[in-house]
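Results of the structural survey
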2 protein chains.
Amino acid sequence: MTAVTPESLSTRLDEARRDYAALVDRGLSLNLTRGKPSARQLDLAADLLRLPGDRHTASDGTDCRNYQGAPLGLPELREAFAGHLQVPVEQLVAAGNSSLELMHDCLVHALLGTLPGAARRWADEERIAFLCPVPGYDRHFALCERFGIEMIPVPMTAEGPDMDEVERLAAADPAVKGIWCVPKYSNPSGVSYGDETVRRLAAMPAAAPDFRIFWDNAYAVHHLTEEEVGIADVLAACAAAGNPDRTFVFGSTSKITLAGAGVAFFGSSPANVAWLTGYSGKRSIGPDKVNQLRHALFLRDADGVRAHMARHRELLRPKFDAVHRILTERLGGTGLATWSAPKGGYFVALDVLDGCAREVVRRAADAGIALTPAGATHPYGDDPRDSTIRIAPSFPDLAELEQAIEGLATCVRLVGYEKLAAGERAG
Amino acid sequence: MTAVTPESLSTRLDEARRDYAALVDRGLSLNLTRGKPSARQLDLAADLLRLPGDRHTASDGTDCRNYQGAPLGLPELREAFAGHLQVPVEQLVAAGNSSLELMHDCLVHALLGTLPGAARRWADEERIAFLCPVPGYDRHFALCERFGIEMIPVPMTAEGPDMDEVERLAAADPAVKGIWCVPKYSNPSGVSYGDETVRRLAAMPAAAPDFRIFWDNAYAVHHLTEEEVGIADVLAACAAAGNPDRTFVFGSTSKITLAGAGVAFFGSSPANVAWLTGYSGKRSIGPDKVNQLRHALFLRDADGVRAHMARHRELLRPKFDAVHRILTERLGGTGLATWSAPKGGYFVALDVLDGCAREVVRRAADAGIALTPAGATHPYGDDPRDSTIRIAPSFPDLAELEQAIEGLATCVRLVGYEKLAAGERAG
């Protein structure tokens, strides 16, 4: 942190207070809470709203309008995503409209059924715990809370979760049944896992024989730069390490085509695929194959997916650039905050002075700028340092976003200098 | 049963054997197994494959292409179905593509969460049982088996389940937590519940405070005749009887628009709706609202649904008439079988001589006619009289259907006369 003299601190705090008063006077109403695509991004998929048109037959001859056929989902759509998700096509299932549903249902089936390798149903265990790299995704944590699964935070590093800690916890405690991972362009930090992280996750000894990595590859193709970040093939690494059933891979087209009206994917070992489809076959006669056909016709193949994502990038990149530019202009050199500069995904993680995140979010709300609640990036909503704020730049248009980030920077300066001034007085 | 002299029985058996040999020689390949709409029925919804077209906004302003908005589903679609399903629109949820999923998930949430009125999670009960009117729907029974829920068969009458038996079992045993009901044009018997049946279900004392009626109104608008059979309003009856939370209503458009690519519905008391949506909101950010918009634009309103079902009836009625005509021609007066003449729904229940259903299905399979396995209409696949066969006439075209029913009648004659002849020899 840059040293600040009492005099200059007082000046800066006065400035910040004036700026904040002016901000409140503007009466903004802006929302940076959720990672939602913008209307212009959704317009990129306008053709999808007229498809499949005259077609209703999949490449394998299945009439997509009827029950049955293509039990793992449409082959042509699975083919288009197998490479992107790093899952062999025969082990990749195309399902409904939400990968979160698939994660939920994997937990349900593990609780009420018996996983490959499990001694018993998780519902019959005394205690179940998951490792939760932090900062992380609040909806993962909400699933754990819902099912009474204890959450153990593990800090993120620039290469993924702190693997010394992960290895220690997984080896020591048979109640530790899993870990949440967003391995590429992680929510919210933007970190992509290094190859050594993936290798260690795949190979580490786990006290629970039914330990599972929930590999939420939500941003597999969501690049923000020319560099398409790659991650190691986790299923191959697990197989090579003798732990073939360790990982569930999840993905979806929600942030590729239409949010909530896309297609979700599950990929894993043959044993895990048989396990899930055995149970999901009781739950439903099958997924919406017409929507899968619609997507196959629209996206065509792996290259079609890549080309479509380039159009998203053109819309998203200027927004992320604006966030970085404004934060640098307003907060650079102040010592009040650091922030991520992600190469992909949907979020920027802004770290403010310890103990300031809640107050920044509160001040921003008072000025009409809605942010994800501070703490949401941590299990039980508890960020022990109270320092991480998640910024979702995708939904507002560029002008609104710039206003919101300017305003947020003002709140960070106000709260940060207030804290420093209080420290001066106490000191 | 018509008396048959030994001489005429021998003649009839010889005839049946000749007819069966000729049937096998024809080398048919016909399928009457599942209640699937035919391609011509699916063609009725061809416009759906181009919708929503230029529209993406719901009547409440929700952009259906994005996350969030319309948490209970699109108001205009719920409005179109509220009357048909006899659920107040504010208590009707439009969800995903499968009502079976909703039934599954209600069981899951009751097992892993706490139902309104429940003392504890069902997973923490020593024993859970459901009443299963028989003959019934195999996929309901499969859900019970999957979750270890004991099934107690209750015979169907012409007015619905035997209510003396239902009342006795529900009052006596707190482990009895529910009952499966297909209240209109029941699968497979075609029976619609009488008003008194509905009243007694709503009002009966239940030992379990969290007893639930799973009211699978799958065929609410699926009339086969000019008479649109009505049933009593179960939610209103439950509320009037002081048991407002007793019933979960399910429905879907799978056999209205596209099978597996439609929209499913859940309706219940405000407390139950809050219970389900509280849990399903953890599972998913929301249903596929684009598909709901597509359906709202295509079906328009309650009258639009009715008009569309009239077109299905034009295609289905001749098939059900053919089944009845051929069974009457071939089996009438033989004493070998009785069958239902449903006024709606998707099935005909054929009852053959006790101990003959499995053998009829086996002989039919040998002649290239696939039928639903005998026993599927009963819990654990066990039809104690081995007499009920479910016929699904909707999928084949009329000529194929006629061949299949002719062939089935031949198998019924063969197996029935063989049984009678064996009885003669034993006697």
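Not measured: the values here are computed from a predicted model.

Conventions used here
Residues numbered from 1 in each chain as written. Chains lettered and ligands numbered in written order. Predicted model: local features only at pLDDT ≥ 70, side-chain atom pairs only at ≥ 80, totals over all residues. Heavy atoms only, no water. Buried < 20%, exposed > 50% of the residue type's maximum accessible area, 1.4 Å probe, protein only. Helix = DSSP H or I, 4+ residues; strand = E, 2+ residues; numbered from the N terminus. Pairing = 2+ DSSP bridges. Right-handed = clockwise from strand over helix to strand, strands pointing away. Contact = heavy atoms within 4.5 Å. Buried area = accessible area lost by both parts, 1.4 Å probe. Salt bridge = Lys/Arg side-chain N within 4 Å of Asp/Glu carboxyl O. Polar contact = N/O pair within 3.5 Å; in protein donor to acceptor, adjacent residues only side chain to side chain. Phe/Tyr/Trp six-rings, centres within 6.5 Å; stacked < 30°, edge-to-face > 60°. Lys NZ or Arg CZ within 6 Å of the ring centre and 35° of its normal. Core = buried A, V, L, I, M, F, W, Y, C linked by side-chain atoms within 4.5 Å. Domains from an automatic or database assignment. Axes fitted to C-alpha atoms, helices over the stretch in contact; angles between N-to-C directions. Parallel < 35°, antiparallel > 145°, perpendicular 65-115°, else oblique. Left-handed = near helix turned anticlockwise from the far one by under 90°. Nonpolar A, V, L, I, M, F, W, Y, C, P; charged D, E, K, R; others polar. Least-squares fit on C-alpha atoms with pLDDT ≥ 70 in both.

Looking at the pairing of strand β8 (residues 247–252) of chain A
All names here are of chain A. Burial of β8 is extensive: six of the six residues sit out of reach of the surface. Side chains of β8 alternate between two faces, with T247, V249 and G251 and F248, F250 and S252 buried alike. Summarising the sheet, strand β7 (residues 212–216) and β8 pair through four bridges and their orientation is parallel. Opposite I213, over in β8, you have T247 as the bridge partner. Read from β7 through helix α8 (residues 234–240) to β8, the crossover connection turns out right-handed. Inspection of the sheet shows β8 paired to strand β9 (residues 264–267) by four bridges, in the antiparallel sense. Pairing of F250 across the sheet is with F266, part of β9.

So, the pairing of strand β6 (residues 176–181) of chain B
When a strand is regular, its side chains alternate between the sheet's two faces. All names here are of chain B. The element β6 is largely enclosed, with a buried count of six among its six residues. Sheet topology note: the strand β3 (residues 129–134)/β6 ladder contains three bridges and is parallel. Within β6, the residue paired with F130 across the bridge is G178.

Regarding the interface of chain B and chain A
Chain B puts 56 residues into the contact, and the matching count from chain A is 56 residues. Taking both partners together, chain B and chain A bury about 4800 Å²; carbon and sulfur atoms supply 51% of that area. For the pair chain B and chain A, the number of links is eight salt bridges. Two residues, D43(A) and R65(B), come together in a salt bridge whose shortest N-O distance is 2.7 Å. On inspection of chain B and its partner chain A, the count reaches 20 residue pairs in polar contact (both at pLDDT 80 or more). Taken together, the elements giving at least two residues each to the side of chain B that touches chain A come down to α2 (39–43), α4 (99–112), α5 (138–146), α9 (270–283) and α10 (289–299) of chain B.

Focus: the packing of aromatic side chains
In total, this model carries 30 aromatic pairs over all chains according to the counting rule given. With a centroid separation of 5.4 Å and an interplanar angle of 55 degrees, the aromatic rings of F248(A) and F266(A) are classed as tilted. You can see F248(A) sitting in strand β8 and its partner F266(A) sitting in strand β9, a full 18 residues away along the chain. Given the relative accessible area of 1%, F248(A) is considered buried. Ring geometry for F248(B) and F250(B): centres 6.3 Å apart, planes at 75 degrees, overall edge-to-face. Three or more aromatic residues joined by ring pairs make a cluster, and in this case those are W122(A), F130(A), W180(A), F214(A), F248(A), F250(A), F266(A), W275(A) and Y279(A). Of note, K36(A) hangs over the ring of F395(A), and the distance from its end group to the ring centre comes to 4.7 Å.

Side note on the nonpolar core
In terms of nonpolar packing, the biggest core is built from 119 residues, with F81(A), L201(A), W215(A), F81(B), L201(B) and W215(B) touching the most fellow members. If near-sequence neighbours (up to four positions away) are discounted, F81(B) is found in contact with L92(B), T253(B), I256(B), F265(B), L299(B) and V305(B). With 68 residues, the next largest nonpolar core counts A95(A), F130(A), W180(A) and A264(A) among its residues.

Points about the domain arrangement of chain A
All names here are of chain A. What the domain assignment reports for chain A is domain 1 (6–32 + 307–426) and domain 2 (48–300). Between domain 1 and domain 2, the C-alpha centre-to-centre distance is 32 Å. With 23 residues of domain 1 at the contact, the number on the domain 2 side is 30 residues. Among the residues domain 1 hides against domain 2, the three largest losses belong to R313, K343 and Y380. Together they make up 27% of the total. Put simply, domain 1 and domain 2 have two salt bridges between them. A salt bridge links K343 to E227, with the nearest nitrogen and oxygen atoms 2.9 Å apart.

Examining the packing of α4(B) against α5(B)
What describes two packed helices is the angle between their axes and the distance between those same axes. Residues and elements named next belong to chain B. Running from N to C, α4 and α5 cross one another at 25 degrees; their axes reach a closest spacing of 11 Å. As the angle between them shows, α4 and α5 are arranged roughly parallel. Crossing hand, α4 versus α5: right-handed. Residues L100, M103, H104 and L107 of α4 touch α5, and the partners they reach there are R139, H140 and L143.

Focus on the side chain of S186(B)
All names here are of chain B. Topologically, S186 is positioned in the loop between β6 and α7 (195–203). With relative accessibility at 4%, the residue S186 sits in the buried group. Among all residues touching S186, those that are not within four sequence positions of it are M156 and V191.

Comments concerning the sheet that holds strand β5 (residues 160–161) of chain B
All names here are of chain B. A sheet is described by the order of its strands in space; here eight strands give the open sequence β2-β9-β8-β7-β6-β3-β4-β5, paired in mixed fashion. Edge positions in the open sheet fall to β2 (92–94) and β5, since each of these has one partner strand only. Against the sheet, helix α3 (residues 75–85) engages β2, β8 (247–252) and β9 (264–267), with an angle of about 130 degrees to β2. Running at roughly 145 degrees to strand β7 (residues 212–216), α7 makes contact with β5, β6 and β7 of the sheet.

Things to note about the packing of helix α1 (residues 6–25) of chain B against helix α13 (residues 398–426) of chain B
Residues and elements named next belong to chain B. One can describe the packing of α1 onto α13 by two numbers: an axis separation of 9 Å at closest approach and a directional angle of 145 degrees. The way α1 lies across α13 gives a crossing that is left-handed. On α13, the residues touching P6, L9, R12, L13, E15, A16, R17, D19, Y20 and L23 of α1 are G407, T410, C411, R413, L414, Y417, E418, L420, A421 and E424. Classifying every residue of the contact of α1 with α13 gives 11 nonpolar, two polar and seven charged.

Some details on the relation of the copies chain B and chain A
For the match of chain B to chain A, the screw axis carries a shift of 0.0 Å, the RMSD comes to 0.1 Å, and the turn is 180 degrees. On this basis, the relationship between the two copies can be described by a two-fold rotation axis. Across chain B, the smallest distance between a C-alpha and the rotation axis is recorded for R50(B), namely 2.1 Å. A share of 100% of the interface residues of chain B reappears at the interface of chain A, consistent with the copies meeting face to face through the same patch.

Things to note about the pattern of salt bridges
Residues and elements named next belong to chain A. Tallied over the entire structure, the rule returns 64 salt bridges over all chains. Among the salt bridges present, the one from D105 reaches R283, with a minimum N-O distance of 3.8 Å. Note that D105 is positioned in helix α4 (residues 99–112) and R283 in helix α9 (residues 270–283), a separation of 178 residues in sequence. According to the relative accessible area criterion, D105 is buried, its value standing at 8%.

A look at the sheet that holds strand β3 (residues 129–134) of chain A
All names here are of chain A. With respect to topology, eight strands assemble into an open sheet ordered β2-β9-β8-β7-β6-β3-β4-β5, the strand pairing being mixed. Pairing within the sheet leaves two strands with one partner each, and these edge strands are β2 (92–94) and β5 (160–161). Where helix α3 (residues 75–85) meets the sheet, its contacts fall on β2, β8 and β9, and the angle it forms with β2 comes to roughly 130 degrees. Across the face of the sheet, helix α7 (residues 195–203) comes into contact with β5, β6 (176–181) and β7 while running at roughly 145 degrees to β7.

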